[in-house]
Amino acid sequence: MKAKFTTSIIKGIAAAIPKDILGLISLGSQYGNEEVKRIIASTGVEQVRVARNDQCTSDLCAAAAKELFSKLEIEPSTIDGIVFVSQTPDYKMPATSVLLQHRLGLPKTAVAIDINYGCSGFVYGLYQAFMMVEAGGCERVLLCVGDTSTKMVHPGDRSVRMVFGDGGSATLIEKGESTSHFILKSDGAGAEYLIIPAGGSRKPLSEETSIPFEAEDGNIRNEETVRMNGMEIMTFALREVPLMIDELLDSSGWKKEDVGTFALHQANKFMLDYLRKKMKLQKNSVPIAVSNVGNTGPASIPLMLSIKHKELSESNQLQKVVCCGFGVGLSWASCSLDLSSTYILDPIEV
């Protein structure tokens, strides 16, 4: 699916991360010191942020939104819509977007939408928000994107525990003159490669689903925690992402060397380096910001921009930006944006 928008801009981006930190080197006593060092060297993740037991994704997104409102001097009453993208909602029902509408003081006339997406969720959320503005129903839309992925991880599963971190973001989209191109794709045939088998209507929670077991890869998990086939996800990303970005550049009329920043989903350093080399991109055009936060799922792109925005701005790398998210679904999505006038804030801790 392709789309082009001409009357929507991204006014501001903010991100929030939990204060609590898990230093991965501390897991040596559980997984073995050499194994831990090997994983850290491969992924580039040295520590992850971990939400408290009473801290939800909506808390992180709300904190980011309030920071954005304050710095941009935006009145919540002027926002016509809110989109919440996450795999870790507050409840199965009602929708978390409705809870955030009330919590943030948005008017009752605001439309509220939840989207259940992970790694590609930021771009999917931007697409939804841009549509709402360009359709004429909304002047301003607040996009809240994030996950508290650590709550979905079994402590015995080093393959995901040493990569996934928690984070939330808030992005303000409003009417304005700018041209953006989007491409979105999906392939449910690969759903099993990144999945939580139990907890939905297909397989409800039970005593059996909570029983831990040792998988073929030696990791401990149960059917209520996330399981990831890292090799299949890697193969998928290396196959599809370069093709999609080439297609997006063609639609946008851009050349690779025109792009200041390729804002890719921050899966891990190894994958991003591999993608960069395969696409023959300059090293500085593919910023990586996983070492102190980990893979924060749908929040990873706005969080990376929040962490890196000063140096990207100083190097004039925000005028032509390609965002690309890929993973769970399987789903992958990309867009071309001008962020040179976007107000991007440093991450806050909550």
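Everything numeric in this text was worked out from a predicted model, so none of it was measured.

Rules used in this analysis
Residues numbered from 1 in each chain as written. Predicted model: local features only at pLDDT ≥ 70, side-chain atom pairs only at ≥ 80, totals over all residues. Heavy atoms only, no water. Salt bridge = Lys/Arg side-chain N within 4 Å of Asp/Glu carboxyl O. Helix = DSSP H or I, 4+ residues; strand = E, 2+ residues; numbered from the N terminus. Buried < 20%, exposed > 50% of the residue type's maximum accessible area, 1.4 Å probe, protein only. Polar contact = N/O pair within 3.5 Å; in protein donor to acceptor, adjacent residues only side chain to side chain. Contact = heavy atoms within 4.5 Å. Axes fitted to C-alpha atoms, helices over the stretch in contact; angles between N-to-C directions. Left-handed = near helix turned anticlockwise from the far one by under 90°. Phe/Tyr/Trp six-rings, centres within 6.5 Å; stacked < 30°, edge-to-face > 60°. Core = buried A, V, L, I, M, F, W, Y, C linked by side-chain atoms within 4.5 Å. Pairing = 2+ DSSP bridges.

Throughout the structure, instances matching the rule amount to 16 salt bridges. Here Arg140 ties to Glu174 by a salt bridge, and the two come within 2.8 Å at their closest N and O atoms. Here Arg140, found in strand β7 (residues 140–148), pairs with Glu174, found in strand β8 (residues 166–175); they are 34 residues apart in sequence, far enough to count as distant. Residue classification places Glu174 among the buried positions, given a relative accessible area of 11%. Asp273 is paired through a salt bridge with Lys269; the nearest N and O atoms lie 2.7 Å apart. One end of the pair, Asp273, and the other, Lys269, are both in helix α8 (residues 269–278), four residues apart, so they sit about a helical turn from each other. Take Lys269: its relative accessible area is 36%, and that puts it in the partly exposed class. Within this structure, Lys2, Lys185 and Glu247 form a network of salt bridges that share partners.

Bringing the side chain of Thr261 into the picture now. By secondary structure assignment, the location of Thr261 is in strand β14 (residues 261–264). At 2.7 Å, the side chain of Thr261 and the backbone oxygen of Gln317 are in polar contact. Apart from the residues lying within four places of it in its own chain, the contact partners of Thr261 are Ser285, Pro287, Leu312, Gln317, Leu318, Lys320, Val321 and Val322.

In this model, Met93 is joined to Pro94 through a cis peptide bond whose omega is 5°. With respect to the element layout, Pro94 can be found in the loop between β5 (81–85) and α4 (96–103). At the junction of Gly329 and Leu330, the peptide bond is cis and its omega measures out at -10° in the coordinates. Among the secondary structure elements, Leu330 is positioned in the loop between β15 (321–327) and β16 (331–337). The backbone of Lys280 shows a phi angle near 55°, a positive value even though the residue is not glycine. Residue position: Lys280 is located in the loop between α8 and α9 (300–314).

Pairs of packed helices are described in terms of their axes, by the angle between the two and the distance that separates them. Orientation of helix α7 (residues 230–252) relative to α8, taken along the N-to-C sense of each, is 30°, at an axis distance of 10 Å. Crossing handedness for the pair α7 and α8: right-handed. Contacts between α7 and α8 pair Ile233, Met234, Ala237, Leu238, Arg239, Val241 and Pro242 from the former with Phe270, Met271, Tyr274, Leu275 and Lys278 from the latter.

Mapping Gln128 onto the fold places it in helix α5 (residues 121–134). Given the relative accessible area of 19%, Gln128 is considered buried. In this structure, Gln128 is in contact with Val83, Ile113 and Ile115, ignoring residues within four places of it in sequence.

Under the counting rule described, the total for this entry stands at eight aromatic pairs. Ring centres of Phe5 and Phe130 lie 5.6 Å apart, and the angle between their planes is 65°; this geometry places the pair in the edge-to-face category. Of this pair, Phe5 sits in strand β1 (residues 2–5) while Phe130 sits in helix α5, placing them 125 residues apart in sequence. When sorted by exposure, Phe5 lands in the same class as Phe130, which is buried. On the numbers, 6.0 Å between centres and 70° between planes, the contact of Phe270 with Tyr274 is edge-to-face.

The subject of this paragraph is the nonpolar core. Ranked by internal contacts, the top residues of the largest apolar core, which has 37 residues, are Leu126, Phe182 and Cys323. Considering each element in turn, this core owes the most residues, nine residues, to α5. Those residues in contact with Cys323 that sit more than four places away from it in its chain are Phe122, Val123, Ala263, Ile301, Ala333, Ser334, Cys335 and Leu337.

A separate point is the sheet that holds β1. With mixed pairing, five strands are arranged side by side in an open sheet as β1-β9-β16-β15-β14. Both outer strands of the open sheet, β1 and β14, are each paired with one neighbouring strand and no more. Between one strand and the next, the sheet's axes are offset by a mean angle of 15°, whatever the strand orientation. Note that β14 and β15 share four bridges and pair parallel. From the neighbouring strand, Leu264 faces β15, where its bridge partner is Cys324.

By themselves, these are just geometric observations and shouldn't be taken as functional.
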